[in-house]
Amino acid sequence: MTSFVDRVVLHVRAGNGGHGCTSVHREKFKPFGGPDGGNGGHGGDVILEVDPGVHTLLDFHFRPHVKANNGKGGQGSHRSGANGEAVVLRVPQGTVVERDDGEPIADLVGAGTQVVLARGGRGGRGNAALANAARKAPGFSELGEPGESCDVVLELKSVADVGLVGFPSAGKSSLISAVSAAKPKIADYPFTTLVPNLGVVSAGDTTFTVADVPGLIPGAASGKGLGLEFLRHIERCAVLVHVVDCATLEPGRDPMSDINAIEHELDSYGGLADRPRVVVMNKIDVPEAEELAELVREDVAVRGWPVFSVSAVARKGLSALTYALVDLVEQARAEQPEPEPTRIVLTPKSVDDSDFEIARAEDGVLSVIGNKPQRWVLQTDFDNEEAVGYLADRLAKIGVEKALAQAGAEPGCMVRIGDVEFEWEPTDPSIVANTGPRGTDSRFEANKRTTAAERLESRRVRRGLQGADDAPPGVEAE
């Protein structure tokens, strides 16, 4: 059984960046070789690209989880890790990409059009890249950033100039096979066509595409009979053609009632009122059908729509219909606004934008919200004291400590950056480098030697409140 798949949900995850390397060059007679740890490689992106050779989303229906490769870690001797290979997903032309909450991301039209769904994490810097005049041999390196992940919805909307609409078994598939080289499935039972078929028609110097949309029934606009899945494929069509079965024997059906029923569904779906219409009276190779087509021709012409009597099987009346469609397609193309000359204005913005804000969460914790602080936290190895001290210096340099103080933060209060919570202890902003042994930070040693009572007493001394009455509990006054 054929599966009709024109809407899928993809779960994508980009690759993580590789960790930087902490290494010191060692060579005989060179005791101070210096740091030589290489940088980690960047993680791979997940990219969608339009491929004219792809016509379905069926592959993603069976494999909805996509993950790109991670970047490799750096190594000694200044060797950087390899970047993770990007994953390029080939999609049909006319694919609309949305987030799972309905926010549009991209409308992919045109061969080679690309959109990046998830960006790979940046690789961490090795200790060679972190060395400077004050920190000559860092004993730490940066961790790689995690890659982005998201859930996206892919919807396929056929891209065609002419859309054939009508009831099941009206002869749409026969018509498209007669005017183009398309070979759709044709049978004498309803809903033979379950997947839109595209055909290319050439008439004179003009070439246009025709979409055979699966049959519509009353209630299609509300989802009956997979109507919504079928109707989305005519949104991009410039001309709509009503294919009417003039030889049907079903009770209660005639050409005018069929046209009115389909028009009601198009109006209910919305957004198609401005498209020009053409009415095709099909199957006139049957004598009774030809007579019926002539009887209703004037009723249809009252609406101002061109009417053509054809037989897709006998190939009668197809030439006149084809050239009439050429005129309508050329008129629709001429009415399209001319593309304005592309003028590229470059306004680069640093990816290391240091803008941030301080917010108090519901639990009372102060949160530092900003791209740069949160990214730095992800890159920090909290098992390494020097790396944590380096993070504190970086935050102080961009004004995080000053902003926390202005927001009412006090020493010992809880602060959250990203997923990390810690007790805030202000440091001297002038300390921008550690001079202790590699992998350690002198501020941590000071904190280990300072008791809570000593910190309290020190603060009172600075305020001029030293005295016997002010001595903290358990501490004797001098």
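Conventions adopted
Residues numbered from 1 in each chain as written. Predicted model: local features only at pLDDT ≥ 70, side-chain atom pairs only at ≥ 80, totals over all residues. Heavy atoms only, no water. Helix = DSSP H or I, 4+ residues; strand = E, 2+ residues; numbered from the N terminus. Buried < 20%, exposed > 50% of the residue type's maximum accessible area, 1.4 Å probe, protein only. Contact = heavy atoms within 4.5 Å. Areas by Shrake-Rupley, 256 points an atom, 1.4 Å probe, with all protein chains shown as cover. Phe/Tyr/Trp six-rings, centres within 6.5 Å; stacked < 30°, edge-to-face > 60°. Polar contact = N/O pair within 3.5 Å; in protein donor to acceptor, adjacent residues only side chain to side chain. Pairing = 2+ DSSP bridges. Axes fitted to C-alpha atoms, helices over the stretch in contact; angles between N-to-C directions.

### Quick notes on the overall build of the protein
Phase 1 of the analysis: On a plain count of helices and strands, the protein comes out with 12 helices and 18 strands.
Phase 2 of the analysis: Of all 478 residues assigned to the protein, the portion counted as buried reaches 42%.
Phase 3 of the analysis: Long-range pairs, those at least 24 residues apart, make up 70% of the contacts in the protein with a sequence separation of at least 6.
Phase 4 of the analysis: Roughly 25900 Å² of accessible area belongs to the protein as shown, and the carbon and sulfur atoms make up 51% of that amount.

### Topic: the packing of aromatic side chains
Phase 1 of the analysis: Counted by the stated rule, this structure contains 1 aromatic pair.
Phase 2 of the analysis: Arranged with centres 5.1 Å apart and planes meeting at 45°, the rings of F140 and Y390 form a pair that is tilted. Within this pair, whereas F140 is found in the loop between α2 (127-130) and β8 (149-156), its partner Y390 is found in helix α9 (residues 385-397), the two being separated by 250 residues in sequence.
Phase 3 of the analysis: Note on F140: relative accessible area 3%, which makes it buried.

### Points about the environment of D151
Phase 1 of the analysis: Examined against the element boundaries, D151 turns out to sit in strand β8.
Phase 2 of the analysis: Not counting residues up to four positions away in its chain, the partners in contact with D151 are L10, H11, R99 and D100.
Phase 3 of the analysis: Within polar-contact distance, the side chain of D151 engages the side chain of H11 at 2.9 Å.

### Description of the sheet that holds strand β16 (residues 366-369)
Consider a sheet: its strands pair through backbone hydrogen bonds, and that pairing is either parallel or antiparallel.
Phase 1 of the analysis: Within the open sheet, the 4 strands sit side by side as β15-β16-β17-β18. Their pairing is mixed. At either end of the open sheet lies a strand with only one pairing partner, and these are β15 (357-360) and β18 (420-423). On average, each strand axis in the sheet is tilted by 30° relative to the strand beside it, whichever way the strands run.
Phase 2 of the analysis: Relative to β16, β15 runs antiparallel, the two sharing 4 bridges. Within β16, the position partnered with A359 by the bridge is S367.

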